[in-house]
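Given next are the chains, with one letter for each unit.
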Amino acid sequence: MSRESQKGRSFKKGLDVNTSRKKREELSLRIRKNKRQEGLQKRRHVSTTKHEGDDPQEEEELLDLQRIFPEIISGIRSPDPDLWLEATSKLRQLLCQEGDDLPIQTVVDSGVVPCLVNFLTSDDPELVFQAAWVLTNIASGSSHHTQVVLEANAVPIFISLLDSKNDEIQEQAAWALGNIAGDRYEFRDYIIQCSGLPAICQALLTTTKNSLASTMTWALSNFCRGKPSPSWEAIRSILPTFSRLLHSSDSAILTDACWALSYITEGTDEQIQAVVNSGVVKRLIELLIHPSSSVQAAALRTIGNIVTGDDNQTQVVLNSGVLQRLGMLLTRPKKSVRKECCWVISNITAGNKNQIAAVRECHLIKPLIHLISTDSFEVRREALWAVANALMGGSPQDIKQIVQDGCISAFCQLLTDTTDSSILELVLDSLSVILKFGEDTSQESGFNEYSNFIEEIEGADKIEKLLYHDNNDISNKATHLIQTYFNFSEEENVDNNVSGNFQFSASTGPIQTFKF
């Protein structure tokens, strides 16, 4: 069965699984892509190293760099090699300061980029390092700045520098390639065509330096992102590298490796399956309780993407014990973690009945309902999707337990707590499933226990207020519920034509949980 038909995510608008899933998937991907800010795609090297601060006069000289800028440019362009290192070092100092007002465009306009690229082939490792640092920070600017570096034929040289015996030169080369790849997909694909990926992976295999491994992992993650997607053959070849990186003890490496896998699993079921086959699922689930919240968030995103795949892929995640970890994350103080956790569960409850039953049996429904009632709107929305999917795809036992856990009160509360049309529609659809189930099982008692309960907690009054909602779908759904399940009569309709509202008998007061 196709991914679209397997993962409904919601069953809005007449329970149209395929249409609603596509809309929900597009929305979720857009939200989550936006979380990864542009600043994480490109980095400027501003860290203090042994190359800064050796000269007692350096701090004072830093203030004069702009004044002596013409001399710096002249030194770089001079035919005298003795001037190159000092001039390049001063330019590096100028471009590695904090702030957004760096004179990158002025440097580009000076025409020194080809000279700097030429310095990368020097026999002087210090000059190579300083020139690579300057070019890295130029490439951290706008797309135009990055393109100037690329057109100066810097990419093949940076790739060759990944094999340098000097750790600092290796790291700077990886940093520059990461900045270029993170700018535009055309630049990313050009580096891939130049065999940049295997060169980075090979350097990762041999390094024992954490900062170098961290920079290279971040650079690799930039090759996995962007639309259109990179060559799948190229990305599939580096999956073993990410599998190994997930066992690092460095939080930065773990974070970027997980983000890279999250970009890959945003793709097709084939890509998701390749990630599953690489054996990383169990480790990703272990990382859900990592001390670093950044690692947790990245691992959680990847797990969430995997369970948007087919039922078999979702089952691998369930078999690896993810539900117990998700239960722990639902109570974490960080709102973004709770929200993402609810999103992951909603993708699981969009699966088959056995998977929905697994969520119920792991006692996750009641915490989700609690979040629907008490948390911020962003969290409540995701928790609602999780519970609604379970209702709409679950067995009679699932529906009965979800109601027993208090979903009706939480749903009715949302009817007045939000004006968001998509949420109101989802609540009405969920109540429709519950009320129909109550009607189907009313033969034993002779009445619909659920409709009675909704009236008792004044939920019918809240549905009534939506009869004249500006959104036709909402008003139609509300009308259907009132007419079908709440003893609507023609006399009440006459009264409504006069007063503008349907009338119900007085409520006996709100009840928080349904009792059978």
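Everything below is about the structure shown above.
Rules used throughout
- Residues numbered from 1 in each chain as written.
- Predicted model: local features only at pLDDT ≥ 70, side-chain atom pairs only at ≥ 80, totals over all residues.
- Heavy atoms only, no water.
- Helix = DSSP H or I, 4+ residues; strand = E, 2+ residues; numbered from the N terminus.
- Buried < 20%, exposed > 50% of the residue type's maximum accessible area, 1.4 Å probe, protein only.
- Contact = heavy atoms within 4.5 Å.
- Core = buried A, V, L, I, M, F, W, Y, C linked by side-chain atoms within 4.5 Å.
- Salt bridge = Lys/Arg side-chain N within 4 Å of Asp/Glu carboxyl O.
- Phe/Tyr/Trp six-rings, centres within 6.5 Å; stacked < 30°, edge-to-face > 60°.
- Lys NZ or Arg CZ within 6 Å of the ring centre and 35° of its normal.
- Arc of directions from axis to C-beta.

Colleague: Describe the overall build of the protein, listing the residues and the values that go with them.
Modeller: Counting secondary structure elements, the protein contains 34 helices and zero strands. For the protein, with 516 residues in total, the buried portion stands at 55%. For the protein, restricting intrachain contacts to residue pairs at least 6 apart in sequence, the fraction spanning at least 24 positions comes to 71%.

Colleague: So, the side chain of Q170: which residues are in play, and what are the values?
Modeller: Mapped onto the secondary structure, Q170 falls in helix α12 (residues 167–181). Look at Q170 and you get buried, because its relative accessible area is 7%.

Colleague: So what about the nonpolar core? Which residues, and what values?
Modeller: In this structure, L91, I138 and F158 are the most contacted members of the largest nonpolar core, which totals 167 residues. Those residues in contact with F158 that lie beyond four places of it in its chain are L120, A132, L135, V149, A173, A176 and L177.

Colleague: How would you explain the pattern of salt bridges if you had to name every residue and give the values?
Modeller: This structure, assessed with the given rule, holds 15 salt bridges. When the shortest N-O distance is used, the salt bridge between D420 and R381 registers 2.8 Å. Here R381 lies in helix α27 (residues 377–393) and D420 lies in the loop between α29 (407–417) and α30 (421–440), a separation of 39 residues in the sequence. Using a relative accessible area of 23% as the deciding quantity, one classes D420 as partly exposed. You can call R381 buried: its relative accessible area is 17%. In this structure, D429 and K477 form a salt bridge, with 2.9 Å as the shortest nitrogen-oxygen distance. Remark: K477 occurs in helix α33 (residues 472–485) and D429 occurs in helix α30; sequence separation between them is 48 residues. Given a relative accessible area of 9%, D429 falls into the buried group.

Colleague: So what's going on with the packing of aromatic side chains? Which residues, and what values?
Modeller: Using the criterion set out here, one finds four aromatic pairs in the structure. Consider the rings of F437 and Y450, whose centres lie 6.1 Å apart with planes at 15°: the pair is stacked. Taken as a pair, F437 in helix α30 and Y450 in helix α31 (residues 449–456) lie far apart in primary sequence, 13 residues in all. Given a relative accessible area of 13%, F437 falls into the buried group. Here the guanidinium or amino end of R92 rests over the ring plane of W133, the centre of that ring lying 4.6 Å away.

Colleague: Please give an account of helix α28 (residues 396–404) that cites residues and values.
Modeller: D398, I399, I402 and V403 are the residues of α28 that are buried. One side of α28 carries all its buried residues, which in axial view fall inside an arc of 130°. Among the exposed residues of α28, those oriented more than 90 degrees off its buried face are P396 and Q397. Buried residues along α28 sit in contact with α25 (353–361), α26 (365–374), α27, α29, α30 and α31. The positive-phi residue at the C-terminal boundary of α28 is G406, with phi of around 105°.

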